[in-house]
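# Observations on chain architecture
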Amino acid sequence: MIEISNIRKRLGSREILKGINLSVEKGEIVAIVGHSGSGKSTLLRCINRLIEVDGGDIKVNGVSVRKYNPVELRKIVGLVFQTPVMFEGNVGENISYGLRISKNKDLAYETEEVERIAREVGVQEFLSSDANSLSGGEQQRVALARALILKPKVMLLDEPTSFLDPKSGGVIENLILKLVKSRALTVIWVTHDVSQAKRVGNRIAVMQKGRIIVTDKSERIEWGKVYV
Amino acid sequence: MFDSINLSLNVDIMVKLVLASSLAIVIVVVSYLKEIGVARDFSSAALRGFLQLMLLSALLTYVFLSEIWYGFAVPIITLMILLAGYTSARRVGAGVAVVKPIVITTPSITAGALFSLSTLVVLGVIPTEPEFIIPLSGMAFGNSMNICSLTLTRLLSEIKNNKDKIEAKLALGATSDFTVREYERIAIRWSLIPTIDNLRTLGVIFIPGAMTGMLMAGISPVTAAVYQLSIFFMIISSGIMTSVIASHFVKLRIFTQAHQLIL
């Protein structure tokens, strides 16, 4: 589903990604674990082409991301950021954003989908509330719903629970797992928390200073050697 | 022509200039007594202004009388364009590395101001005479320059402050154009507020400079009012065109064709 081949990315004078290789099967959840500054977020942004790689290639469904219309690619490859950014307007308007900007608008479908997905993520009672008035956890639910309403095939999750307290983080983690598994989505879940990586990932890729140093099932990784 | 525009440098005018300068003494005295500290600045600025205006009036007198005035008008207007583009670019600053302001300001100001000027010339509102073309060009370029600076400063600041929001929208499949549309609207509207407010209070709170000048030169109030309104429409239309073009250029510079924000 996702094939990343030898990608390189430089930001300013610093080489952030130094030849990343990674394959993610359809329906698989790969957790990428690494310390701050290891290049995890940059890698996700390269996959949905928010930034351009300097070298190498990324394929989604066997097609290079460069060959996709970027706007269409980003609908197939959803990205949830570490800190949710709420747009102007209420929760319903936030969730429907991706549908409202599309060329083929269908108001009835939009209303129905917003209500359905809001129930699924647990924000149905806030649909008319100002999105910026919600708590961090509620905002992250809205951000998830906003990406999922576009029916992506791939979800890129950039530390989606790291800014939440442990209890809310755990709730959101379980919610995300439920949502992506019920849709059989292909997921790359970036985290700096090894225990979270072990809980969520079918496989784990350990990233260090712009390189993936090991990719395997959690139980096969010699954690003491690769992640200190 | 020379007589009609009354540019002759006669004794009477010089006496009036000296008498008007008595107000300059008031400025210096007040500054000294109240320890405001502007006397020196004012004196040097006044002297500089006097010399610049004398030089300009001598130049304009020569150009207005010349048979080939357009041969002078072209370099004068070119100089106006370059200075306006440079001044606006300096105002916008180099805070945004990816944007070279002068590449945006100069063509935007030129296109915006020339659009309005040429429209009025083609419609016959402005006669193709140097007395009209040169000063009105100055007004059009000057105002476009101010509006361009205001638009770019506000637009770049809005985009920088909302970078996360713009990227979140791009990540949901929005086009670059769509993600900055609201900031573009805010910047353009904001840049035009001072000029539109001036238009709104025209003739109530103040009589603008051009109309005052025409009235003092003995032009009928109705004719002066018509010209003043034409000037305002020219200023606002050149301003809005400059603003729209400048913000379009900004988008071209800060987004790639793949809708990636590179600010």
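Here we summarise the structure given alongside this text. Just so you know, these numbers come straight off a predicted model, no measurement behind them.

On a plain count of helices and strands, chain B comes out with 10 helices and zero strands. Counting helices and strands in the order they occur from the N terminus, chain B gives α-α-α-α-α-α-α-α-α-α. Taking the principal axes of its C-alpha atoms as reference, chain B extends roughly 75 × 55 × 35 Å. Per-residue burial over chain B gives 38% buried out of 263 residues. In chain B, the share of contacts with a sequence separation of at least 24, taken over all contacts with a separation of at least 6, comes to 71%. As displayed, chain B has an accessible area near 14,800 Å², and 69% of this comes from carbon and sulfur atoms. In chain B, 18 positive and 14 negative side-chain charges are present, and the distance between their average locations comes to 11 Å.

In this assembly, 22 residues from chain A lie in contact with 17 residues from chain B. Counting each side, the surface lost to burial between chain A and chain B is near 1,700 Å², with a carbon and sulfur contribution of 61%. Contact with chain B buries area across many residues of chain A, yet L50, R74 and Y97 of chain A alone supply 29% of it, more than any other trio. Remark: the boundary between chain A and chain B carries three salt bridges. Put simply, E88 of chain A and K169 of chain B hold a salt bridge, and the shortest N to O gap is 3.7 Å. For the pair chain A and chain B, the number of links is six residue pairs in polar contact (both at pLDDT 80 or more). Of all the secondary structure elements, the ones that give two or more residues to the side of chain A that touches chain B are α2 (70-76), α4 (97-100) and α6 (136-148) of chain A. For the side of chain A that touches chain B, the element with the most residues is α2 of chain A, which contributes four residues. A per-class count over the side of chain A that touches chain B returns 13 nonpolar, two polar and seven charged.

Here we come to the packing of helix α9 (residues 209-216) of chain B against helix α10 (residues 221-254) of chain B. All names here are of chain B. In contact at an axis separation of 9 Å, α9 and α10 are set at 155° when each is read in the N-to-C sense. It follows that α9 is roughly antiparallel to α10 by the angle criterion. For the pair α9 and α10, the crossing hand works out as right-handed. Note on element contacts: α10 touches α9 through P221, A224, A225, Y227, Q228 and I231, opposite A210, M211, M214 and L215. Of the residues contributing to the contact of α9 with α10, the split by class is nine nonpolar, one polar and no charged.

Right, let's get into the packing of aromatic side chains. The full count for this structure, using the stated rule, is five aromatic pairs over all chains. A ring pair is formed by Y97 of chain A and F178 of chain B, whose centres lie 6.4 Å apart and whose planes are at 70°; its orientation type is edge-to-face. Here F178 of chain B lies in helix α8 (residues 176-200) and Y97 of chain A lies in helix α4, a pairing that spans two chains. Looking at Y97 of chain A, the relative accessible area reads 5%, which means it is buried.

What counts as what
- Residues numbered from 1 in each chain as written.
- Chains lettered and ligands numbered in written order.
- Predicted model: local features only at pLDDT ≥ 70, side-chain atom pairs only at ≥ 80, totals over all residues.
- Heavy atoms only, no water.
- Helix = DSSP H or I, 4+ residues; strand = E, 2+ residues; numbered from the N terminus.
- Buried < 20%, exposed > 50% of the residue type's maximum accessible area, 1.4 Å probe, protein only.
- Contact = heavy atoms within 4.5 Å.
- Areas by Shrake-Rupley, 256 points an atom, 1.4 Å probe, with all protein chains shown as cover.
- Lys, Arg positive; Asp, Glu negative; His and termini not counted.
- Charge placed at Lys NZ, Arg CZ, Asp CG, Glu CD.
- Buried area = accessible area lost by both parts, 1.4 Å probe.
- Salt bridge = Lys/Arg side-chain N within 4 Å of Asp/Glu carboxyl O.
- Polar contact = N/O pair within 3.5 Å; in protein donor to acceptor, adjacent residues only side chain to side chain.
- Nonpolar A, V, L, I, M, F, W, Y, C, P; charged D, E, K, R; others polar.
- Axes fitted to C-alpha atoms, helices over the stretch in contact; angles between N-to-C directions.
- Parallel < 35°, antiparallel > 145°, perpendicular 65-115°, else oblique.
- Left-handed = near helix turned anticlockwise from the far one by under 90°.
- Phe/Tyr/Trp six-rings, centres within 6.5 Å; stacked < 30°, edge-to-face > 60°.

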